[in-house]
Amino acid sequence: MRTDEWARAKEFRLDALRDPVAPIAFLETYEDAVQRPDSFWRERTEQSARSASVRQFVAELADGGWAGSVVALVERRGAADAFGGLGAHDQAHLVAVYVRPEHRGAGVLKELFDAATAWAWSLREPRVERVRLYVDERNGRARGAYRKLGFEATGETVPVDDEPSARELELAVSRPRE
């Protein structure tokens, strides 16, 4: 993702939030996101393009359109993680995973995850031990796709904010042996 692509990033995110599974796939609603000013989208895109600890990967089509995207966030051992706990690992956390429906099943998710995990493994400081993500237990399609890519349940779960009886399941893949 490049800093000048904020308008495309905004459009892509809004499309993702209109997906039928968005309520169980994202922690944000379309109604909230569409109200955000352009300055929010510019800052968000700049952070992803320039940060050493956040990276957004985009699957770009030959015509310039975007087929999918994933964001990788570096989390440090002992620092607050995405859910407010203390990280037990130096790790990358994959979030905002989305592949447009017409490109699902065509290998786009694998390419995005390959790029994100390769980036995570390439970091020298911190030396990332694993890559993780959370998936709503009700999102069977996503769980199946992540398992095909080698992500396994760790046994860790967190409650879903708006549905206390539902759980987010942590899936992870460990750093390959060198």
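Preceding block: the structure.
Residues numbered from 1 in each chain as written. Predicted model: local features only at pLDDT ≥ 70, side-chain atom pairs only at ≥ 80, totals over all residues. Heavy atoms only, no water.

A. Quick look at the overall build of the protein chain. Check the secondary structure of the protein chain and you find 6 helices and 6 strands. Counting from the amino terminus, helix and strand elements in the protein chain follow one another as α-α-α-α-β-β-β-α-β-α-β-β. Across the 178 residues of the protein chain, 43% fall into the buried class. Within the protein chain, contacts between residues at least 6 apart in sequence are counted, and of these 57% link residues at least 24 apart. Side-chain charges in the protein chain split into 27 positive and 31 negative, and the spacing between the mean points of these groups amounts to 4 Å. (Helix = DSSP H or I, 4+ residues; strand = E, 2+ residues; numbered from the N terminus. Buried < 20%, exposed > 50% of the residue type's maximum accessible area, 1.4 Å probe, protein only. Contact = heavy atoms within 4.5 Å. Lys, Arg positive; Asp, Glu negative; His and termini not counted. Charge placed at Lys NZ, Arg CZ, Asp CG, Glu CD.)

B. How the structure looks around the side chain of D15. Here D15 is to be found in helix α1 (residues 6-17). Residue class for D15 comes out buried when judged on its relative accessible area of 19%. The residues touching D15, leaving out its near neighbours within four places in the chain, are Y98 and R100.

C. Structural context of α1. With 12 residues, α1 should reach 16 Å at 1.5 Å per residue; the first-to-last C-alpha distance of 16 Å fits that figure. Among the residues making up α1, those that are buried are W6, A9, F12, R13, L14, D15, A16 and L17. On the buried face of α1, the contacting elements are α2 (22-25), α3 (30-34), α4 (38-50), β2 (66-75) and β3 (91-99). (Expected span 1.5 Å × (residues − 1).)

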